[in-house]
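This is what each chain is made of:
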Amino acid sequence: MANGLKLGSFEIFWLDGGVFELDGGCMFGVVPRALWQKKFPASDDDYIQLSNTPILVKTPDANVIIDTGLGNKLTDKQKKIFRVTEEWDVEASLARVGLSREDIDHVILTHCDFDHSGGVVMQNEAAELELTWPKAIHHVQRAEWQDVLAPHRRAVNSYWPVNLDLLRGSELLNLVNGEAEPVVGVKMALTGGHTKGHQAIWLSSEGEKGVHLGDLFPNHAYFHPLWITPYDNFPLDSIAQKEKLIGPAVDEKQWFLFYHDPYLLAGKFDRDGKVVEEFALGDQVR
Ligand SMILES: [Zn+2]
């Protein structure tokens, strides 16, 4: 049985949601290469690795998944374009902690871009599409869902109908108006910034705390509020939210959970952005 990160009575696991590579310039934008390469490793042609790890939070009350990975519906051409180096396999990683897809009670989507919602719908053995988490309530901010239904020109490239159509009109879809706490100690709130309806998640159990800032803080290099991805549709909102949210969480010694970081699954930081405690891939004993 795998060991996760303990946070009070919660245990947190990072599942195999697929790994792909992007041009580092596409991820770091206005930050010069000479700076970002000191913080994050790159290949010879300046590509960086992005894991896409659904985060399983086991609480005494429920099993919660935050974001869903790349899914198993990418075509060979898409896998080549996105330089997929590891495939999505959430069933195998759930089995390692003694769970199946049916055991998940809640799915929280930070937002609906394909790299976060790709695992909402999967292709089964009969090559049919089905909801990956058939018993889970799926929590999406209402503002995000409105953009999914009527995407602006830029968002249309990242909200893929194949990932989200089965949720349309489904009783498993819960639209959140700003804030919600569907499970004791698991709270979500609207941040905007990366997308209009992007949300963050706060975990709290027995005095220990963690925060998942989604794509506002995709990997450990993005500590500085001005380091945001060029994919952010509302960059000034991203900066404002990071300025508001990161400092207090640092002072409270909260764990920052990462979705896109192949090196650091979770970390605690000091005010200068130095990692003072870490939970890495090797710590999640298999
Ligand atoms: Zn992302």
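Above this text you will find the structure in question.
All figures in this text were calculated on a predicted structure; none of them were measured in a lab. (Residues numbered from 1 in each chain as written. Predicted model: local features only at pLDDT ≥ 70, side-chain atom pairs only at ≥ 80, totals over all residues.)

Enquirer: Could you give an account of the sheet that holds strand β2 (residues 10-14), naming the residues involved and the relevant values?
Expert: Taken in spatial order, the seven strands line up as β1-β2-β5-β6-β8-β11-β12 in an open sheet, and their pairing is mixed. The outermost strands of the open sheet, each flanked by one partner alone, are β1 (5-7) and β12 (173-176). Across the sheet, the axes of successive neighbouring strands diverge by a mean angle of 25 degrees, strand direction being ignored. Note: strand β11 (residues 137-141) against β12, four bridges, orientation parallel. Pairing of Gln 141 across the sheet is with Val 176, part of β12. Strand contacts of helix α6 (residues 142-149): β11 and β12, with the helix running at about 85 degrees to β11, the strand carrying the most contacts. (Pairing = 2+ DSSP bridges. Helix = DSSP H or I, 4+ residues; strand = E, 2+ residues; numbered from the N terminus. Axes fitted to C-alpha atoms, helices over the stretch in contact; angles between N-to-C directions. Contact = placed C-beta atoms within 7 Å.)

Enquirer: Tell me about α6, and name the residues and values.
Expert: When we look at burial in α6, the residues that qualify are Glu 144, Trp 145, Asp 147 and Val 148. Relative to the axis of α6, the buried residues are bounded by an arc of 160 degrees and lie together on one face. The inward-facing, buried residues of α6 contact β11, α7 (161-164) and β12. (Buried ≥ 20, exposed ≤ 12 C-beta atoms within 10 Å, placed from the backbone. Arc of directions from axis to C-beta.)

Enquirer: Break down the sheet that holds strand β3 (residues 17-23) for me, citing the residues and quoting the values.
Expert: The sheet built from three strands is open, its strands ordered β4-β3-β7 with antiparallel pairing. Every other strand in the sheet has two partners, leaving β4 (47-51) and β7 (86-88) as the edge strands with one partner each. Each adjacent strand pair in this sheet contributes to an overall mean axis angle of 35 degrees, direction not counted. As defined by bridge partners, β3 adjoins β7 across two bridges and the pair is classed as antiparallel. From the neighbouring strand, Gly 17 faces β7, where its bridge partner is Trp 88.

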